[in-house]
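# Observations on chain architecture
Chain by chain, the residues:
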Amino acid sequence: MKLLESWERHARRAATWAHRHHRGLAGVVLAALFGTAITAFGVAPLAPDAADLPKRLIAEQVEPPDWQAQLEALGEFELQLTRNDLTRATDTVDTLLARLNVTDAQAAAFLRNDPVARRLMQGRAGKMVQAQVGPSGELHRLIARYPAEKAEQYATHFTRLTVERSGESFAARIEQAELNSQVALRSGTIESSLWAATAASQIPDTVTIQMAEIFANEIDFRRDLRRGDFFAVIFESLEADGEPITWNQAAGRVLAAQFTNAGRVHEAYWFRDPVLGKAAYFDRKGESLRRAFLASPMEFSRVSSGFAMRFHPILKTWRRHLGVDYAAPTGTPVRTVADGVVEFAGWQNGYGNVIFIRHTGGRVTVYAHLSRINVRQGQRVEQGQHIGAVGATGWATGPHLHFEIRENGQHVDPLRVARSSEAFSIAPASRTQFQAQALALRNQLALASQQQFAQAE
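Thresholds applied
- Residues numbered from 1 in each chain as written.
- Predicted model: local features only at pLDDT ≥ 70, side-chain atom pairs only at ≥ 80, totals over all residues.
- Heavy atoms only, no water.
- Helix = DSSP H or I, 4+ residues; strand = E, 2+ residues; numbered from the N terminus.
- Buried < 20%, exposed > 50% of the residue type's maximum accessible area, 1.4 Å probe, protein only.
- Areas by Shrake-Rupley, 256 points an atom, 1.4 Å probe, with all protein chains shown as cover.
- Salt bridge = Lys/Arg side-chain N within 4 Å of Asp/Glu carboxyl O.
- Phe/Tyr/Trp six-rings, centres within 6.5 Å; stacked < 30°, edge-to-face > 60°.
- Lys NZ or Arg CZ within 6 Å of the ring centre and 35° of its normal.
- Contact = heavy atoms within 4.5 Å.
- pLDDT = per-residue confidence, 0-100.
- Core = buried A, V, L, I, M, F, W, Y, C linked by side-chain atoms within 4.5 Å.
- Pairing = 2+ DSSP bridges.
- Axes fitted to C-alpha atoms, helices over the stretch in contact; angles between N-to-C directions.

Across its full length, the protein holds nine helices and 23 strands. Residue burial in the protein is summarised as follows: out of 457 residues, 40% are buried. In the structure as shown, the protein presents an accessible area of about 26600 Å², 54% of it carried by carbon and sulfur atoms.

Below, the structure is given as structure tokens:
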């Protein structure tokens, strides 16, 4: 009895101690469990090694599919190859088809005789041709892409000639389609000339001409260029059905350009002022690079004879050339260099088809040897408006534009007039928009500069 009472008394004391020291007791229990986990962790690696476990090899025979059925399925599939090439000045239907791997007498006969398909070999060379050819060399479809038929659409459209097989016969159609534009970024360094540098940088001729025109009032590209001069340009690259075009109008408008000449940086940014309603190239400060008189009466051209002494090609004597000649194909659009009124439009002796336009300040501009005249006497014209097209009328040995500027009856250098004429500035309300647009373009030009210098290193 006393033993039972003693055990109960010790039990009550233990319960009371556990109640008072429950936190310590819990820690002891956790420590015991943690020690057990460590023990388990140390024992775990003693499990059998997987490399020692038994292996079982299963072999199964795979039956190949029926080769004959596969060959028959391939035989039913009509294979077509697509080939691309450019027409050449010496091409015939047979030589072009041979380069395209087409051996199809029926297609060749159609291209020679059909009045629409025959236009593939007519006109200037350089047409982009794409042919879909069957396994036996038969022609399924031929598409030719080349410049638009109308000169005023050169920069916006192209001609698509399609010849397509339909059963045992062919059909041809021709259409004018819109060019698509992508933004392109290029840069280069002058080693010998602007043309050589842009060609090395894969810049289209039209972009080179535009750059020369944009900075014509700032840089004389015949005298001022230095070895090491640097340029960067952002422009619209034109595509026909997703293919970059290869003819002269291979690019659209220059969006921004930077030219470092003899250590001096010149910048140009294309911007349309919503307040003034005018679009032009502006420098970083918002001052227009386009003066009251344009430097050239054509967007795409080259000077073949300047304002200087020359040996006259017809009279065979040395005479002073009182204007500037621009070499260009017949039909190239001619624009007026400044706002004015048509004083004369018609035929005049050695000038052939000629236009005289009177401007403010006693100035008159002359556009001679035209193949076409698009204005009439007394008509008011605006700067950049197309007034005619290049030709070889009058005393001309080949297609070109003869251009003159007269001040109070005296012949003057057109380039000097363009450089000295006044410019206009961006409206104050449009400056914030211009600065934001110019900053974005300036960052892209800086990227082009970094890439160029990295390649040079």
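Still more ground to cover, so stick around.
As a further point, take the pattern of salt bridges. Applying the stated rule across the entire model yields 17 salt bridges. In this structure, Glu175 engages Arg160 in a salt bridge whose closest nitrogen and oxygen atoms are separated by 3.1 Å. Residue Glu175 is found in strand S5 (residues 169–178), and its partner Arg160 is found in strand S4 (residues 157–166); the two are separated by 15 residues along the sequence. A relative accessible area of 30% means that Glu175 is categorised as partly exposed. With relative accessibility at 17%, the residue Arg160 sits in the buried group.

Enumeration according to the criterion identifies 10 aromatic pairs in this entry. Here the aromatic rings of Phe231 and Phe259 are separated by 5.9 Å at their centres, their planes lie at 20°, and the arrangement is stacked. Separated by 28 residues along the polypeptide, Phe231 in strand S7 (residues 230–240) and Phe259 in strand S9 (residues 251–261) bring together distant segments of the chain. Aromatic side chains Phe271 and Phe434 sit 5.4 Å apart centroid to centroid with 70° between the ring planes, which places their arrangement in the edge-to-face category. Taken together, the residues Phe271 in strand S10 (residues 264–273) and Phe434 in helix H9 (residues 431–456) connect sequence positions 163 residues apart. Across this residue pair, the class does not change: Phe271 and Phe434 are buried. The ring of Tyr146 carries the charged tip of Lys127 above its face, separated from the ring centre by 4.9 Å.

Turning to the environment of Ile234, a few remarks are in order. When you line up the elements, Ile234 lands in strand S7. Through-space distance from the C-alpha of Ile234 to that of Arg186 is 6.6 Å; in sequence the pair is 48 residues apart. With residues near it in sequence (within four places) discarded, Ile234 still touches Val183, Ala184, Leu185, Val254, Leu255, Ala256, Leu441, Gln444 and Leu445.

All right, on to unusual backbone geometry then. Phi angles above zero are rare outside glycine, and Asp241 is one such case at about 55°. A positive phi is found at Asn408, a non-glycine position, where the angle reads about 50°. The topology assignment puts Asn408 in the loop between strand S22 (400–407) and strand S23 (410–412).

Put simply, the protein has an average pLDDT of 80, and 79% of its residues get 70 or more. Here residues 25–45 is a poorly scored stretch, pLDDT under 50, and it has zero contacts once near neighbours within four places are set aside; other chains count. A low-confidence stretch, residues 306–312 stays under pLDDT 50, and its non-local contacts, those more than four residues away or across chains, total 28 contacts.

The next point concerns helix H7 (residues 205–214). Residue pairs spaced three or four apart in an α-helix point in one direction, given the helix's 3.6 residues per turn. By the criterion of burial, H7 is predominantly enclosed, with seven of the 10 residues buried. The complete set of buried residues in H7 reads Thr206, Val207, Thr208, Ile209, Gln210, Met211 and Ile214. Each element contacted by the buried residues of H7 is listed here: helix H6 (194–200), S7, S9, S10 and strand S11 (278–282).

Bringing the nonpolar core into the picture now. Side chains that are nonpolar tend, in soluble globular proteins, to be buried together. Membership of the largest hydrophobic core comes to 24 residues, with the highest contact counts inside it found for Leu194, Phe215, Phe231, Val233, Val254 and Phe259. Elements with a contribution of two residues or more to this core: H6, H7, S7, S9, S10 and S11. Sorting elements by how many residues they give to this core places S9 first, with four residues. If we skip the residues at most four places from it in the chain, Phe215 touches Phe221, Ala257, Gln258, Phe259, His266, Glu267, Ala268 and Leu289.

Below, the discussion takes up the sheet that holds strand S2 (residues 128–133). Adjacent strands of a sheet pair through backbone hydrogen bonds, lying either parallel or antiparallel. Judged by pairing direction, the sheet is antiparallel, and its five strands sit side by side in the order S1-S2-S3-S4-S5 without closing on themselves. Of all the strands in the sheet, just strand S1 (81–86) and S5 have a single pairing partner and so form its edges. For this sheet, the mean angle separating the axes of adjacent strands, direction not counted, is 15°. Pairing geometry for S4 and S5, over 10 bridges, is antiparallel. The residue of S5 that forms the bridge with Ser166 is Ser169.

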